[in-house]
Amino acid sequence: MSTIVIVSGVFRHFEIAYNSWKFAPAAYCLATQRRRQEARSAAQNNSIISSIDEHKHKFDYILLEEPKSSNNTVNMAAKWTAAYNLLKDKQYSKYIIVRPDLYMFHHNWTMINSIVPTHNTMYNISNVVPDSSGQPFINDMFFILDAQAWTNIGNFYDYYEPKSITKNIHIHLCDYIAEHNIQVNSHVLAQGIYIPIRDNMLAMFDNNVLSDKYSVNDLVMKAIEWQKQQIES
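These figures come from a predicted structure and were not determined experimentally.

Peer 1: I would appreciate a short explanation of the overall build of the chain in the present structure.
Peer 2: Within the chain, the secondary structure is distributed over eight helices and 15 strands. By the compact-globule yardstick of 17 Å for 233 residues, the chain fits well, its C-alpha radius of gyration being 17 Å. If one aligns the C-alpha atoms of the chain with their principal axes, the spans along those axes are about 45 × 40 × 35 Å. Contacts in the chain between residues far apart in sequence, at least 24 positions, make up 70% of those at least 6 positions apart. Just so you have it, the chain exposes about 11200 Å², and 49% of that area is on carbon and sulfur atoms. Separation of charge centres in the chain, based on 20 positive and 22 negative side chains, amounts to 2 Å.

Peer 1: Help me understand the sheet that holds strand β6 (residues 94-98), please; the structure alone is not making it clear to me.
Peer 2: Whether parallel or antiparallel, the strands of a sheet pair through hydrogen bonds between backbone atoms. Across the sheet, which stays open at both edges, the seven strands sit in the order β5-β2-β1-β6-β11-β8-β12 with mixed pairing between neighbours. Strands at the two margins of the open sheet, each flanked by one partner only, are β5 (61-64) and β12 (183-185). Going from strand to strand, the sheet's axes swing by 20° on average, the running direction of each strand aside. In this structure, strand β1 (residues 3-8) lies alongside strand β2 (residues 27-32), joined through five bridges in parallel fashion. Within β2, the residue paired with Val7 across the bridge is Leu30.

Peer 1: Would you mind going over the environment of Asp175 with me for this structure?
Peer 2: Within the secondary structure, Asp175 sits in helix α7 (residues 169-179). Owing to a relative accessible area of 25%, Asp175 belongs among the partly exposed residues under this scheme. Here the alpha-carbon distance between Asp175 and Trp226, two residues 51 residues apart in the chain, equals 30 Å. When sequence neighbours within four positions are dropped, the list of residues in contact with Asp175 reads Tyr159 and Lys167.

What counts as what
- Residues numbered from 1 in each chain as written.
- Predicted model: local features only at pLDDT ≥ 70, side-chain atom pairs only at ≥ 80, totals over all residues.
- Heavy atoms only, no water.
- Helix = DSSP H or I, 4+ residues; strand = E, 2+ residues; numbered from the N terminus.
- Rg over C-alpha atoms; globule rule 2.2 N^0.38 Å.
- Contact = heavy atoms within 4.5 Å.
- Areas by Shrake-Rupley, 256 points an atom, 1.4 Å probe, with all protein chains shown as cover.
- Lys, Arg positive; Asp, Glu negative; His and termini not counted.
- Charge placed at Lys NZ, Arg CZ, Asp CG, Glu CD.
- Pairing = 2+ DSSP bridges.
- Axes fitted to C-alpha atoms, helices over the stretch in contact; angles between N-to-C directions.
- Buried < 20%, exposed > 50% of the residue type's maximum accessible area, 1.4 Å probe, protein only.

Here it is, written out as structure tokens:
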């Protein structure tokens, strides 16, 4: 099976997240942009080209898709489409999509690496579930697709961008998955813990590896602390 890992999003804290991944050997594609954005901010800051260059040996393909919208989720979907257009003639059979800053813990990576995608299926860390408002929700941080599901997700931007101001991306993605008959399977991935690395967690890592003084649960608590600060600010 030919597999590619598509690392898609703003290039933040990749050096930490990458060290937590235990994917079987695969090709890697980076779909990012030239300038850094802080989490949940549309403001572009300093160039991250030097950071990309530092890690370019890890990637078989690198593309830069610059933000065209003040809506970060529209820009995320645009990066998926850019990666799809770059790779559509490469004939991979398994597509792993993950954000650059996502720390992963799973008790059995063999289970993840043994996933053989079935037709038009998305392997996700969650099923379609109600959010706190009762609206449909599915996670967009990490998922695995077969070629047909990847084709569908690769075209999600054209569906989502005109509608993006009406509902959040999770609702639109759920609607799109239903309309395109994409099957969702969370049996394996939902057994893991997935945490976007935030600045308030950096002191917990030594040489980009979680210090022995801390556990994944400590990272979860830091993530909750960061989330609470965003709500209060």
